Amino acid sequence: MTHDTLAVHAGRDPARHAGTVNMPVYRASTICFPDMASLEHARANPDTEISYAIYGTPNVRALQEAVAAMEGGHRALAVPSGLAAISAAILAFAGPGDHILVADTVYGPTRRFCDVAARRLGIETSYYDPMADDIAAMVRPATRLIYAESPGSFTFEIQDIPALAAVAHRTGIPLLLDNSWGTPVHFASFAHGVDVSIHAATKYIAGHSDVMLGILVANERFYPALREHATLHGLCASPDDCYLALRGFRTIVPRLRQQSASALRIAQWLRGHPAVEEVLYPALPGAPGHDLWRRDFTGAASLFSVVLHTRSEAAVRAMVDHMGLFAIGASWGGYESLIFPGYPGPVRTVRPWQRGQVLRLHVGLEDPDELMADLDAGLRRLLACRD
Ligand SMILES: *Cc1c(COP(=O)(O)O)cnc(C)c1O
């Protein structure tokens, strides 16, 4: 089945739910059994049966099944947030005395998790250059995993995932990938050698800026370690959130299609703007990472950055504080446009960032001409600011 069809049908079985198109919400803690044999059967088959709602409810299972099917993984696990998915994936494979390799361009809170929480547990992190495809020399006997995020947060470097997978698999350690931008639609993690794919389902999967949720998808070899970690730590997701996320997931393909088409138009236009030094959007021909993106991805998210010529805070405020359609807000992947200023300098240790101010744009479902008019007015305010 193609992604269009899978998004509609995966994880759905109306005949088991009174014929309803969307499965109703099953709120539960206790699951009742008619006899001891049924309970024993459920306990012995934790991935297909449910003995207690901490291990899933029908809504959680349906979402997990749909996302795993779309991405081509063995099984998925839903957890309370994207960041919880990240910490769970790392701690499932690394412990005291271990070493992990993490891309220099990861999501800021991932870096803080490594520098503070993982470190407290005795896990040492080395950051590697996301543009280096051979990091074999950095792998030590104590290295337990390689962690990638492609494209990188804010600066959108595309990583050579098959090359990283080759390094990981030579020593038998898993390659973890934060695939929130790629989504299960546009990057087939498992076909490219990833072992554990991590999603901030908060973003495009839920798609409406009203749910916090993380999803881990794994292959058959590495899934059991994740399942064990989630069981030991009591990680679970709410059926209401999974209901909303699955409802959002049903329309992820056309949302991405329209939003990324608008993003590409806007990125092309921004590239010629006098206030803009560079547009960092791998889907844009000639942009950094475009060749690798074309090789490995089947589409793009509608999230990208522009590097401005200026670093003037007053000029950036003159623009960002008075936008009409672009709201100032963290996160992305909803149906609405967002603008978020950032300066990657302090959070990079391998590839220092010494360029202009970065503005991250998330392009929503609005009319792209109206979005461009809003940006154009904002960039005029920025250029007019002599400070
Ligand atoms: C937002 C984000 C996350 C974290 O997701 P939350 O659900 O907000 O915790 C993880 N990775 C990336 C790349 C993100 O942008």
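Coordinates for the structure precede this section.
Cut-offs used in this document
Residues numbered from 1 in each chain as written. Predicted model: local features only at pLDDT ≥ 70, side-chain atom pairs only at ≥ 80, totals over all residues. Heavy atoms only, no water. Helix = DSSP H or I, 4+ residues; strand = E, 2+ residues; numbered from the N terminus. Rg over C-alpha atoms; globule rule 2.2 N^0.38 Å. Buried < 20%, exposed > 50% of the residue type's maximum accessible area, 1.4 Å probe, protein only. Contact = heavy atoms within 4.5 Å. Areas by Shrake-Rupley, 256 points an atom, 1.4 Å probe, with all protein chains shown as cover. Pairing = 2+ DSSP bridges. Axes fitted to C-alpha atoms, helices over the stretch in contact; angles between N-to-C directions. Near = heavy atom within 4 Å. Polar contact = N/O pair within 3.5 Å; in protein donor to acceptor, adjacent residues only side chain to side chain. 1 Å grid on protein atoms, 1.4 Å probe; cavity = no way out; pocket = protein on both sides within 12 Å on 5 of 7 lines; lining within 4 Å. Sits in = over half its atoms within 2 Å of the grid points. Nonpolar A, V, L, I, M, F, W, Y, C, P; charged D, E, K, R; others polar. Points joined across faces, edges and corners; volume = space filled by probe spheres on them.

Draft legend 1. Looking closely at the overall build of the protein chain. When its secondary structure is counted, the protein chain shows 13 helices and 12 strands. Taken over the C-alpha trace, the protein chain has a radius of gyration of 21 Å; the compact-globule value for 387 residues is 21 Å, and the two agree within 12%. By principal-axis analysis of the C-alpha atoms, the protein chain measures approximately 75 × 55 × 35 Å. In the protein chain, which comprises 387 residues, the proportion classed as buried is 55%. Looking at the protein chain alone, contacts between residues at least 24 apart form 72% of all its contacts between residues at least 6 apart. For the protein chain, the exposed surface amounts to about 16300 Å²; the carbon and sulfur share of it is 54%.

Draft legend 2. Structural context of the sheet that holds strand β7 (residues 214–218). Read from one edge to the other, the open sheet built from 7 strands follows the order β1-β7-β6-β5-β4-β2-β3, with strand pairing classed as mixed. Taken across any chain shown, the strands that pair with only one partner, and hence form the sheet edges, are β1 (75–79) and β3 (124–128). Each strand axis lies, on average, 20° off the axis of its neighbour in the sheet, ignoring direction. In terms of strand pairing, strand β5 (residues 175–178) meets strand β6 (residues 196–200) through 3 bridges, oriented parallel. The residue bridging L176 from the neighbouring strand is V196, located in β6. In the packing of helix α5 (residues 108–120) onto the sheet, contacts are made with β2 (99–103), β3 and β4 (143–149), and the angle to β3 comes to roughly 140°.

Draft legend 3. Fine view of the site of the ligand. Residues in close proximity to the ligand total 13 residues, the closest being G82, L83, D178, T202 and K203. The separation between an oxygen atom of the ligand and a polar main-chain atom of L83 is 2.9 Å. W332 places a side-chain nitrogen or oxygen 3.2 Å from an oxygen atom of the ligand. Its free accessible area being 380 Å², the ligand has 91% of it covered by the protein chains. In this structure, the ligand is accommodated by the largest pocket. It is helix α4 (residues 82–93) that provides the largest number of residues to the shell around the ligand, a total of 3 residues. Grouping the constituent residues of the shell around the ligand by class yields 6 nonpolar, 4 polar and 3 charged.

Draft legend 4. Fine view of empty space enclosed by the protein. Counting across every chain of the model gives 2 cavities of 30 Å³ or more. The space that makes up the largest cavity amounts to roughly 130 Å³. What lines the largest cavity is a set of 14 residues, and nearest its centre among them are V21, N22, M23, L246 and R250. Counting residues per element, the lining of the largest cavity draws most heavily on helix α9 (residues 239–249), which supplies 3 residues. Grouping the constituent residues of the lining of the largest cavity by class yields 5 nonpolar, 5 polar and 4 charged. Looking at the second largest cavity, its volume works out to about 50 Å³. Forming the walls of the second largest cavity are I54, Y55, G56, V60, Q64, L77, A78, R227, L235, C236 and A237. Elements with a minimum of two residues in the lining of the second largest cavity: α3 (58–71) and β1. The class makeup of the residues in the lining of the second largest cavity is 8 nonpolar, 2 polar and 1 charged.

Draft legend 5. View of α9. The set of residues buried in α9 consists of P239, C242, A245, L246, G248 and F249. Among the structural elements, α1 (3–9), α3, β1 and α10 (252–271) are those in contact with the buried residues of α9. Looking at where α9 begins, the residue whose side-chain oxygen comes 3.2 Å from the main-chain nitrogen of D240 is S238.

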